[in-house]
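Okay, here's what each chain looks like letter by letter:
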Amino acid sequence: MGYIMPGIENVGKKAPKNSQLRYFRKSENSEADEIVRIIKGFGIDDMEARYIPGYADSSNSNIRQYEIWFGIKF
């Protein structure tokens, strides 16, 4: 589907309660919702899109950058 997937990082106790697709620009909410739909199709029912403000103008985030955080239930 054209997505680049970096390596996996175990965040331990920082894991959210429910799985999240995090996105950093409000304008990308439609695409984030579509990615969540795809992920749910793989049986990860607790996945939700979550906007993380404050990174849109940061050099730490790229356009169309998304992060998948698996919840503690996963």
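Residues numbered from 1 in each chain as written. Predicted model: local features only at pLDDT ≥ 70, side-chain atom pairs only at ≥ 80, totals over all residues. Heavy atoms only, no water.

Draft legend 1. Geometry of the pattern of salt bridges. As enumerated under the stated definition, the model contains two salt bridges in all. Here Glu31 makes a salt bridge to Arg64, at a shortest N to O gap of 2.4 Å. Within this pair, whereas Glu31 is found in helix H1 (residues 29-40), its partner Arg64 is found in the loop between strand S2 (48-51) and strand S3 (66-69), the two being separated by 33 residues in sequence. Across the pair Glu34 and Arg37 runs a salt bridge whose closest N-O atoms are separated by 2.5 Å. With Glu34 and Arg37 both in helix H1, this residue pair falls three residues apart, about one helical turn. (Salt bridge = Lys/Arg side-chain N within 4 Å of Asp/Glu carboxyl O. Helix = DSSP H or I, 4+ residues; strand = E, 2+ residues; numbered from the N terminus.)

Draft legend 2. Expanded view of H1. Taking 1.5 Å of rise per residue, the twelve residues of H1 would be expected to cover 16 Å, and the 16 Å separating its terminal C-alpha atoms lies within 8% of that figure. The inward-facing, buried residues of H1 abut strand S1 (20-23), S2 and S3. (Expected span 1.5 Å × (residues − 1). Contact = heavy atoms within 4.5 Å.)

Draft legend 3. Region of the structure containing the side chain of Arg22. Along the chain, Arg22 turns up in strand S1. Buried and unpaired, Arg22 has no salt bridge, with Glu67 as the nearest side chain of opposite charge at 5.1 Å. Aside from chain neighbours lying at most four places away, what touches Arg22 is Pro16, Arg50, Ile52, Gln65, Tyr66, Glu67 and Trp69. (Buried < 20%, exposed > 50% of the residue type's maximum accessible area, 1.4 Å probe, protein only. Lys, Arg positive; Asp, Glu negative; His and termini not counted.)

Draft legend 4. Seen up close, the sheet that holds S1. Read across the sheet, three strands follow the order S2-S1-S3 without closing on themselves; strand pairing throughout is mixed. The open sheet has two edge strands with one neighbour each: S2 and S3. In this sheet, neighbouring strand axes are inclined to one another by 25 degrees on average, regardless of whether the strands run parallel or antiparallel. The pairing of S1 with S3 spans four bridges and is antiparallel. (Pairing = 2+ DSSP bridges. Axes fitted to C-alpha atoms, helices over the stretch in contact; angles between N-to-C directions.)

Take it as geometry only, folks, not as evidence of what the structure does.
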